[in-house]
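Residues per chain, in single letters:
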Amino acid sequence: MDISSSPPIVGGGEEEEEAMLLLETETPTHSNDVVPDSVDFYGRPVLRSNSGRWRSASLIICVEIAERFAYYGINSNLINYLTGPLGQSTAAAAENVNAWSGTASLTPLLGALVADSFLGRYRTIVFASLFYILGLGLLTLSAVFPFFSSSNCQTTDNADACSPPRLQVVLFFFSLYLVAVAQGGHKPCVQAFGADQFDPLDPIECKARSSFFNWWYFGMCGGNIVTISVLNYIQDNFNWGLGFGIPCVVMCLALVIFWFGTLTYRFSSRCDKISPFVRIGMVFNKAVRNWLATSVVTSIEETRVQCHQDSQENRFLNKALLAPDDHSAEDGQISKINDVEAAKGLLRLVPIWASCLIYAIVFAQAFTLFTKQAVTMDRSITPSFRIPSAALQSFINVSIVIFIPIYEQILVPIARTITGTPSGITKLQRVGTGIFLSVLTMAIAALVEKKRLEIAREYGSADVPNATVPMTIWWLVPQYLLIGISDAFTMVGLQEFFYDQVPREFRSIGLSLYLSIFGVGSFLSSFLIFVVEKTTGGKGEDGWISDNLNKGHLDYFYWLLCGVSALGFMTYLYFTRRYVYAHCGKVI
């Protein structure tokens, strides 16, 4: 048996044989309590009563909370670090934040490939955590150079004096992207590994697994509230090195917690020694090759699939079930039906994936332009205390933490009685609701920004770059709260959808596909900002996204996003109406 998520027993020769015999004698004999398709750390069948479920999943959720604490400790305030200590323009900083965020959301595709094909989820999580700690350590080092002073960049008008040494900039971005790579191995595997602790064939555990995605996101966002409210204050008012160093310590503790639960985890067993990625790649290769071939013969597998009513979508992949006329159907020149169906399942996800990209563009604004808006507004609570501009992002998490229990305990039971669906509404209906709310979010953001610009002109602040507009920061709270509720619908729905709609051995890649939506969306946001900056500015005039937001027209940009989001929502509805859910590997 090849264990995809647990490390093999180290040894060789007679010692290894003796170890295997010892493990066989210790294998549980209670067959009724054995979890199918799962083994423990040592490769033995596991008992339902003493493995997995909420006991193990809770530890894994704690690890995810720590990882999100570290990630948002960087991401939430990164635009202020780039425009402050590193002296970048608002547009350039927004583009860099989006580029890094996009990379961090795309690297899970590589992480899933490594996990599902080589290391397994457990070992991938361990190695990714070590890289995470290294990246955060170097990031801390880059912020505490002895010749570095963030106050210079915030008080001087001399751009050269504001620019940090090149070595420091190189070290900073190297560390930043090392964290992005580490997140690529961590993010898809931790959530898939957590969901693997529940047996989908057991009715009670299957229901618990559905709740797992809700409480996973609840715990993650609860941790983010502390991150944004505490770390951002430390970064803005004390020291950036300390603000980056604390997440490094937290990730060390997370790795220790993860190790503690090793003997209670359930690991997926894999009987096929060929990587699932290789098998799917072979399906596409053989389908194209046979499509171009002048002569092929119908194999037994092709005859069977022609009668398989679940296989009518993407029928061109059935060509992988044909055998070239100079080969027999038994010499490995044809793919298996299960591999072809898995390839079709992945292709069926592409339209849903593409239609959610607009939502990702909207979501990216909460960590870039929303934050720069807050910098220009009155953030005073007392004469001596000002709210960090990035701290308003905590309202996203506050709304999620409040809304998810309401959704889980009140809305789902009500919807269940109406629809008869165990989850209340379908996964795609949940995602669609969030996308619709994102359209409203951008409309509200545009109206608030219009009001802010009117007040800036009224009080003569338009021509003063660093002027504080006499408008309280609390005006921004509604757009943060609404995008948080939208997030609770869309994010959780996408996580469960991409986990559930792929074969078991592809669940890491399923979750990485969900994450890649926000990676590509961040790059598209960066590109859109670049285009808007170039087309609306120039010849000495300020564009929509100006370094002096009081002279720009950020409200126009938000209305543009509102309109594009509305078109994206209509596109999403079109594709979801044509989608047929798959359950346990079969289309229903």
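Because the structure is predicted, anything quoted here is derived from the model rather than measured. Here the residue index of a chain counts from 1 through its sequence in written order. Under the rules for a predicted model, residues below a pLDDT of 70 receive no local features and side-chain atom pairs below 80 are neither given nor counted, while totals for whole chains, interfaces and linings still include all residues. Note that the side-chain values use all heavy atoms of the structure and ignore hydrogens as well as water.

Focus: the pairing of strand S2 (residues 34-39)
Step number 1: Note on pairing: DSSP must find at least two bridges between two strands before they are called paired. Runs of H or I in DSSP of at least four residues are treated as helices and runs of E of at least two as strands, each being numbered from the N terminus. Here S2 runs beside strand S3 (residues 45-47); their pairing, made up of two bridges, is antiparallel. Residue pairing across strands places Val-34 opposite Leu-47, the latter belonging to S3.
Step number 2: Connecting the antiparallel pair S2 and S3 is a turn made up of five residues, with Gly-43 showing a positive phi of about 90°.

Points about the nonpolar core
Step number 1: With 142 residues, the main nonpolar core has Phe-172, Phe-518, Phe-557 and Tyr-558 as its most contacted residues.
Step number 2: Two residues form a contact once any of their heavy atoms are found within 4.5 Å. Excluding residues that lie within four positions of it along the chain, Phe-518 makes contacts with Ser-105, Tyr-359, Ala-360, Phe-363, Met-491 and Leu-494. Nonpolar cores were defined as sets of buried Ala, Val, Leu, Ile, Met, Phe, Trp, Tyr and Cys residues, with membership established by side-chain atoms within 4.5 Å. Type-normalised accessible area, obtained with a 1.4 Å probe on protein chains alone, sets the label of each residue: buried when under 20%, exposed when over 50%, and partly exposed for intermediate values.

Here's the deal with the confidence of the model for the chain
Step number 1: pLDDT measures the predictor's confidence residue by residue and takes values from 0 up to 100. The share of residues in the chain with pLDDT of 70 or more is 81%, and the mean pLDDT across the chain is 76.
Step number 2: Looking at the elements of the chain, mean pLDDT is at its lowest for strand S1 (residues 2-3), recorded as 40, and at its highest for helix H20 (residues 554-578), recorded as 91.
Step number 3: pLDDT under 50 marks residues 294-311. Its contacts with residues more than four places away, or in other chains, come to 38 contacts.
Step number 4: Taken as a whole, residues 584-588 scores under 50 in pLDDT and shows eleven contacts with residues more than four places along the chain or in a different chain.

Here we look at the pattern of salt bridges
Step number 1: A side-chain nitrogen of Lys or Arg and a carboxyl oxygen of Asp or Glu constitute a salt bridge if their distance falls within 4 Å. Within the structure shown, the criterion is met by six salt bridges.
Step number 2: Note that Asp-500 and Lys-427 form a salt bridge whose closest N and O atoms lie 3.7 Å from each other. With Asp-500 in helix H18 (residues 477-500) and Lys-427 in helix H17 (residues 427-458), this residue pair connects regions lying 73 residues apart in the sequence. Residues Asp-500 and Lys-427 agree in their burial class; the two are buried.
Step number 3: Close ionic contact of Glu-454 with Lys-450 constitutes a salt bridge, the shortest N to O distance being 2.8 Å. A residue pair is termed a helical-turn pair when its members lie 3 or 4 positions apart in one helix, as Glu-454 and Lys-450 do in helix H17 at four residues.

Focus on the environment of Asn-290
Step number 1: Here Asn-290 shows up in helix H11 (residues 276-292).
Step number 2: Judged by relative accessible area, which is 3%, Asn-290 ranks as buried.
Step number 3: Considered as a pair, Asn-290 and Leu-322 are 32 residues apart in the sequence and their alpha carbons are 7.0 Å apart.

Some thoughts on the packing of aromatic side chains
Step number 1: Note on aromatic contacts: the rings of Phe and Tyr and the six-membered ring of Trp form a pair at centre separations within 6.5 Å, being stacked when their planes are under 30 degrees apart, edge-to-face when over 60 apart, and tilted otherwise. One pass over the structure, following the stated rule, counts 32 aromatic pairs.
Step number 2: On the basis of an interplanar angle of 85° and a centroid distance of 5.2 Å, the ring pair of Tyr-71 and Tyr-72 is categorised as edge-to-face. Of the two residues, Tyr-71 and Tyr-72, neither departs from the other in class, the shared state being buried.
Step number 3: An angle of 70° between the planes, with centres 5.6 Å apart, marks the rings of Tyr-81 and Phe-244 as edge-to-face.

Quick notes on the packing of helix H16 (residues 394-419) against H18
Step number 1: Packing of H16 against H18 leaves a shortest axis separation of 8 Å and a crossing angle of 45°. What the angle tells us is that H16 and H18 run oblique. As H16 packs across H18, the resulting crossing turns out to be right-handed. Each of Phe-395, Ile-396, Ser-399, Ile-400, Phe-403, Ile-404 and Tyr-407 in H16 lies in contact with H18, whose residues at this interface are Val-477, Tyr-480, Leu-481, Ile-483, Gly-484, Ile-485, Asp-487, Ala-488 and Phe-489.
Step number 2: Asp, Glu, Lys and Arg are counted as charged, while Ala, Val, Leu, Ile, Met, Phe, Trp, Tyr, Cys and Pro are counted as nonpolar; the rest, among them Gly, fall into the polar class. For the contact of H16 with H18, the class distribution of residues is 13 nonpolar, two polar and one charged. Whenever a helix is involved, its axis is fitted only over the stretch in contact; in every case the axis is a line through C-alpha atoms, and angles between N-to-C directions fall within 0 to 180 degrees. Geometric relationships in this document are graded by angle, where less than 35 degrees denotes roughly parallel, more than 145 denotes roughly antiparallel, 65 to 115 denotes roughly perpendicular, and other angles denote oblique. Take the far helix as your reference; a near helix turned counterclockwise from it by less than a right angle gives a left-handed crossing, and one turned clockwise gives a right-handed crossing.

Section: the packing of helix H8 (residues 166-195) against helix H9 (residues 203-237)
In a pair of packed helices, the angle between the axes and the distance between the axes together describe the arrangement.
Step number 1: Axis separation between H8 and H9 bottoms out at 10 Å; the angle between their running directions is 135°. The orientation of H8 with respect to H9, classified from their angle, is oblique. Regarding H8 and H9, the two cross each other, and that crossing is right-handed. Contacts from Lys-187, Val-190, Gln-191, Gly-194 and Ala-195 of H8 reach H9 at Arg-209, Phe-212, Phe-213, Trp-216 and Met-220.
Step number 2: Of the residues assigned to the contact of H8 with H9, the class counts are six nonpolar, two polar and two charged.

Brief notes about the side chain of Ser-486
Step number 1: Relative to the helices and strands, Ser-486 resides in helix H18.
Step number 2: The class of Ser-486 is buried, set by a relative accessible area of 0%.
Step number 3: A distance of 3.4 Å separates a polar atom in the side chain of Ser-486 from a polar atom in the side chain of Tyr-359. Residues adjacent in sequence count toward polar contacts only when both atoms are side-chain atoms; beyond that, a polar contact is any pair of N or O atoms within 3.5 Å, and within protein one must be able to donate a hydrogen and the other to accept it.

Looking at a nonpolar patch on the surface
Step number 1: Together, Ile-402, Ile-406, Ile-410, Leu-411, Ile-414 and Ile-418 make up a nonpolar patch on the protein surface, roughly 560 Å² of accessible area in all.
Step number 2: Looking at the element boundaries, Ile-402 is found in helix H16.
Step number 3: Judged by relative accessible area, which is 52%, Ile-402 ranks as exposed. Exposure above 30% relative accessible area and the absence of a salt bridge qualify a residue for a patch, where like charges join within 9 Å and nonpolar side chains (Val, Leu, Ile, Met, Phe, Trp, Tyr) within 5 Å. The Shrake-Rupley method, run with a 1.4 Å probe, gives the accessible areas here. Residue values count only the displayed protein chains as cover.

Quick look at the environment of Pro-85
Step number 1: Within the secondary structure, Pro-85 is located in the loop between helix H3 (78-83) and helix H4 (90-119).
Step number 2: Among the residues examined, Pro-85 registers a relative accessible area of 1% and is labelled buried.
Step number 3: Remark: the alpha-carbon pair of Pro-85 and Pro-164, spanning 79 residues in sequence, is separated by 7.4 Å.

A word on H16
Side chains that are three or four residues apart share a direction in an α-helix, a result of its 3.6 residues per turn.
Step number 1: Bend at a residue means the angle formed by two fitted axes: the first through the 7 residues ending at that position, the second through the 7 residues beginning there. Tyr-407 marks where H16 bends most, by close to 45°.
Step number 2: Residues of H16 that are buried include every one of Ser-394, Ile-396, Asn-397, Ser-399, Ile-400, Val-401, Phe-403, Ile-404, Tyr-407, Glu-408, Val-412 and Ala-415, and no others.
Step number 3: The inward-facing, buried residues of H16 abut H9, H17 and H18.
Step number 4: Gly-420 sits one or two positions beyond H16 and adopts a positive phi of about 80°.

Quick look at H9
Step number 1: The first and last C-alpha atoms of H9 sit 51 Å apart over 35 residues, in line with the 51 Å expected at 1.5 Å per residue.
Step number 2: Along its length, H9 shows its largest kink, about 30°, at Ser-211. Multiplying one less than the number of residues by 1.5 Å gives the expected span of a helix.

A closer look at the environment of Val-181
Step number 1: As for its position among the elements, Val-181 is in helix H8.
Step number 2: Linking Val-181 and Ser-105, residues 76 residues apart in sequence, is a C-alpha distance of 9.3 Å.

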